[in-house]
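Coordinate inspection notes
Here are the chains, one letter per residue:
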Amino acid sequence: MDEQALMGLNPNADACYRQRALAYFEQLKESLDGWEVCAQALAKGVYSDDHVKFFCFQVLEHQIKFRHGSLTAAQQQLIRDTLMKWLQAQLMNVHPEKPFIRNKAAQVLALTFVMEYLTLWPKFFFDILNLVGLNPNGVDIYLRTLMAIDAEVVDRDILHSPEETRRNTLIKDSMRGQCIPALVESWFQILQTYQHTHSELTCQCLEVVGAYVSWIDLNLIANDRFVNLLLSQMSMEELREEACDCLFEIVNKGMDPVDKTKLVESLCQVLQSAGFFNIEQEEDVDFLAKFSRLVNGMGQSLVLSWTKLSKMGDVKVSAEALRAVEAKVPLMLQLLIHEDDDISANIVGFCYDYLHVLKQLLMSSRKQTWRYDSITGSYLSCMSAIMLAVMNKLKYDDEYNFENEGEDEAMFVEYRKQLKMLLDRLAQVSPELLLEAVHRVFNATMQNWQTVQFMEVEVAIRLLYMLGEALPASHGAHFSGDTTKTSTLQSMMRTLVSCGVSEYQHSSVTLEFFETAVRYDKFFLVEPQHIPSVLMAFLDHRGLRHSSPKVRSRVAYLFSRFIKTLHKHMNAFIEDILSRIQDLLELAPPENGFPALLSSDDQLFMFETAGVLIVNGESPAERKQALMRSLLTPLMEAFRMLLAKLPQEAGDERQAVLADCLSHAVGFASRTSKVFSNKQTVKQCGCSEVYLDCLQTFLPALSCPVQRGPLRSAVRSFLHRMIICLEEEVLPFIPAASQHMLKDCEPRDLQEFIPLVSQITAKFKNQVSPFLQEIFMPLVMAIFEVLSRPAEENDQTAALEKQMLRRSYFTFIQTIASSGMNEVMASQGAENIERVLFTIIQGAVDFPDPIAQKTCFIILSRLVELWGGKDGLVGFPDFIYKHIVPACFMAPLKPTFDLSDAQTVLTLSECTLTLHMIHLKRGPECIQFLQEYLPSLQVSAEITQVTDTHLLPSGSATAFNIFFIYLFERAESSSSRRKYRLI
């Protein structure tokens, strides 16, 4: 072997040595016999360097994975001999190999097993077991190999091809018949032999048993000998967690519901007798988390058995299963209320399923009043206990970091979501019970909120918030309908907004107050007298002026929602609100140096809120115009000043900061217009002139020589909004704006500009025909220029940008064609028209992008409709027969045309409609051409006969569709698409 190249395998080697090592690795992989050098090195133990050993296994792995089928019988035998010699050498080693070497060796052994077990090496496991016996080093490799085989053959998280899935099924079937009993016996011997001396090996073996039990005969494991051994290991500190996991996998195995019930019950009896159910005496929380998972598995298995048996109508056996479920409920509750959240979280699944059982029982017993009363009484205490547990576990602890949330905080948030699921399920079982419990907890807490810890106050308000989803109402109408529910919710909301809890000095309570006020914003329609006090909470130190940036940010969004819902009740407060938030509506200058109260994203909500207040108020149009102008004028003034500064700045970083600020100014102005739905609503408020002033202020940014990207993007977005708000008043500004936006474009610039032109085209149609005729070729040429720019072969970002630009281009052509503005293209001159048409043909055939292909066929069909008749464009009929008809066959016959893809099927449909449109416009001439053209495709006589008998006599869209499906299904079934020749 190349010793100098091997030096580069060391992580600390110089770059040149590492490069040489990589090249040598590739050389050995590609060489037909280079791998044999590595095999000999492993078999003879030539190298002591761990990295070289790993390298040799990698070369061997590549050979087995990709070239095994092409090896001679002698070479395949060499691989087997190498692996067995290496394994034999491990038995003698005083110090075992590093774990990463052992793992790689196990992977190579597993790959060899997968390739050869069914044919060349059926005694694989017997050979290994005979060799390693109970040698600890050998047992370690054996167990690692079993886990690697599980990953290759069984693991459902790994995707396999249909062929691999069939192979894996055959391997498992063969193993069940040939070697599984021997493997199970080896596992028992390993567990028994090493449980006191080699805990690591024992844990590995338990993991193997857990992995394999899902598909082997359970009787081999679920017997007295094996289960007693596992239970004894549940009492051994170093083994108990793995033993617990192993029992969980046994319980989780799919099987007959009666047998599953018996298995779980026998296991529970043994565990209970051994004292494992006395969890209050257990101090090891890691073990208890595993045990909780085991109990969860047992409980869910019993619930599933009960469900199946109930559906089968077996009353006696299903009653036994139900009793078994109920017997586990006390243990479930103990685990649910445990102070450790991991232990509690692991039992939530069983709890959730059990509540579903209660729901089913209550639903079935409602038909029998006497039985319903007895069942309700027996389960009421259980539901109350679950409810109390959920309410307690929802509370934050003292260590939760609200200002800098990390992994622990994220885990608690996920845990809260699980608890919410339980609360929702409780509401399905007994909404009255939940409402009453929340009401009781809420009132008790709110009466003494000043003296209660923050987590108690927060959870009380949180429970009220959660009722909004647990007791759903159409469109948030929680305060109409069922009197009990509405009066209780109304009472709690009245208490929330009037008891002063919004003054509580903790951010979690503050946020929960505002979240709940907005969730139940319809309450203020019923009791509007509370609006002023809540408005003040939003506007003062409790909300938008809070000391926490997180609170201020969230409140800005919630305030926007609150105002949108209640804008009809805001008339008396509009100018006061605008005055109080005035400083929050200022464009924060980049040179200020002081952190703004709100981020620019938060300010977007504030500007939208201001727009809603101004426009929906009852003031006359003149006053609305004045208020809107006072809102937007500071933005325009700041914009002009910053735009003048921008070109004078020398540094890129400084320029980017200014451009960002300018973009925010445009975005804020745009956001105020969201309240308008069309030009009429803008006119009614007298705001057209203000937005025209904004437009004139912002458009000069398009000619700024620096920071073009962000400025163009901002102004383009504003133009989109103004087309909606000002309609034709925008048109005079479009030509000059377009010229600037087409200058020195990047792919993203064009991609974003095309939707603007498409919006103008679709909205104004013939009104903008002269503009479109003028801009059409400059835009097309700009697109061609960008698409023709060279890019690195592996540059996925550039490739995606070009694909998206190509799609946008075809969508633009489709918009023009679909708007009936054929004169836009027709006026471009024959050479330009031809060039554009060829790009559409190219898009339909050459690019494997079904979305773009579909658009291209829609365009071609429309152009045939416009120009394909007798009075159409001169020369277009020739183009139809020379290019469009062949495209209809060339595209679907491409190997990349995947008929299992939904978009591709739609493309084929558009392709069919295009041919049908040609037939409609050209009549018998089209049929005659197809009779002459189809034989040139070298299709079979059978397909030609179908053409003559089905397609040609009718020429209907259905006939074309049937013909195409038949043609391409035949092409797919014969796997001969590449053989079709198209002229």
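Quick caveat, the model's predicted, so the values are computed rather than measured.

Rules used in this analysis
- Residues numbered from 1 in each chain as written.
- Predicted model: local features only at pLDDT ≥ 70, side-chain atom pairs only at ≥ 80, totals over all residues.
- Heavy atoms only, no water.
- Disulfide = S-S within 2.5 Å.
- Buried < 20%, exposed > 50% of the residue type's maximum accessible area, 1.4 Å probe, protein only.
- Helix = DSSP H or I, 4+ residues; strand = E, 2+ residues; numbered from the N terminus.
- Contact = heavy atoms within 4.5 Å.
- Polar contact = N/O pair within 3.5 Å; in protein donor to acceptor, adjacent residues only side chain to side chain.
- Salt bridge = Lys/Arg side-chain N within 4 Å of Asp/Glu carboxyl O.
- pLDDT = per-residue confidence, 0-100.
- Core = buried A, V, L, I, M, F, W, Y, C linked by side-chain atoms within 4.5 Å.
- Expected span 1.5 Å × (residues − 1).
- Phe/Tyr/Trp six-rings, centres within 6.5 Å; stacked < 30°, edge-to-face > 60°.
- Lys NZ or Arg CZ within 6 Å of the ring centre and 35° of its normal.

Describing the state of the cysteines
- Tallied over the full model, the rule gives zero disulfides.
- Left without a disulfide partner, cysteine 244 is nearest to the cysteine sulfur of cysteine 246, which lies 10 Å away.
- By relative accessible area, which is 0% here, cysteine 244 ends up buried.
- A disulfide-free cysteine, cysteine 911 has its sulfur positioned 4.1 Å from the sulfur of cysteine 888, the nearest such atom.
- Cysteine 911 sits in the buried class, given a relative accessible area of 0%.

What to know about the environment of arginine 721
- Residue placement: arginine 721 occurs in helix α35 (residues 708–725).
- Given a relative accessible area of 17%, arginine 721 falls into the buried group.
- Along the primary structure arginine 721 and arginine 671 are separated by 50 residues, whereas in three dimensions their C-alpha atoms are 8.9 Å apart.
- Among residues more than four places away in sequence, those in contact with arginine 721 are Ser670, Ser673, Lys674 and Phe676.
- Of the polar contacts made by the side chain of arginine 721, one reaches the backbone oxygen of phenylalanine 676; its length is 3.2 Å.

Digging into the pattern of salt bridges
- Scanning the model with the defined rule gives 47 salt bridges in all.
- With a shortest N-O distance of 3.0 Å, lysine 104 and glutamate 61 are connected by a salt bridge. Here the residue lysine 104 occupies a position in helix α6 (residues 99–116), and glutamate 61 occupies one in helix α4 (residues 50–67), the gap between them amounting to 43 residues. Like glutamate 61, lysine 104 is buried.

Section: the environment of phenylalanine 513
- Along the chain, phenylalanine 513 turns up in helix α25 (residues 507–519).
- Phenylalanine 513 sits in the buried class, given a relative accessible area of 2%.
- Separated by 11 residues in sequence, phenylalanine 513 and serine 502 place their C-alpha atoms 6.3 Å apart.
- Excluding residues within four positions of it along the chain, phenylalanine 513 makes contact with Ile461, Leu496, Val497, Val501, Ser502 and Ala537.

Some points on the confidence of the model for the protein chain
- Mean pLDDT over the protein chain works out to 89, with 91% of the residues at or above the 70 mark.
- Note on residues 975–983: pLDDT under 50 across the span, and 28 contacts to partners over four residues away in sequence or across chains.

Quick word on the nonpolar core
- Grouped together as the largest cluster of nonpolar side chains are 329 residues, with contacts concentrated most on Met175, Trp187, Phe291 and Ile386.
- Excluding residues within four positions of it along the chain, isoleucine 386 makes contact with Met332, Leu333, Leu336, Cys351, Tyr354, Leu355 and Leu426.

Considerations on helix α10 (residues 180–194)
- Compared with the 21 Å implied by 1.5 Å per residue over 15 residues, the 21 Å span of α10 between its first and last C-alpha is a close match.
- Tucked inside the fold, the buried residues of α10 contact α7 (124–132), α8 (136–153), α9 (162–178), α11 (199–212) and α12 (224–233).

As for the side chain of threonine 815
- By the element assignment, threonine 815 lies in helix α39 (residues 796–818).
- Take threonine 815: its relative accessible area is 15%, and that puts it in the buried class.

Some remarks on the packing of aromatic side chains
- By the definition in use, this model includes 45 aromatic pairs.
- Judged by centre distance (6.1 Å) and plane angle (55 degrees), the ring pair of phenylalanine 412 and tyrosine 415 falls under tilted. Here phenylalanine 412 and its partner tyrosine 415 are both found in helix α21 (residues 407–429), three residues apart, which amounts to about one turn of the helix.
- On the accessibility criterion, tyrosine 415 (3% relative accessible area) is buried.
- Here the aromatic rings of phenylalanine 479 and tyrosine 520 are separated by 6.1 Å at their centres, their planes lie at 75 degrees, and the arrangement is edge-to-face. Of this pair, phenylalanine 479 sits in the loop between α23 (454–470) and α24 (483–498) while tyrosine 520 sits in the loop between α25 and α26 (523–526); the two residues are 41 residues apart in sequence, bridging distant segments of the chain. By the burial criterion, phenylalanine 479 is buried, and tyrosine 520 matches it.
- Within the aromatic cluster, the residues linked to one another by ring pairs are Phe479, Phe513, Phe514, Tyr520, Phe523, Phe524, Phe538, Phe559 and Phe562.
- Directly above the aromatic system of phenylalanine 188 lies the positively charged group of arginine 225, at a separation of 3.9 Å from the ring centroid.
- Just above the ring of phenylalanine 847 sits the side chain of arginine 806; from NZ or CZ to the centre is 4.0 Å.

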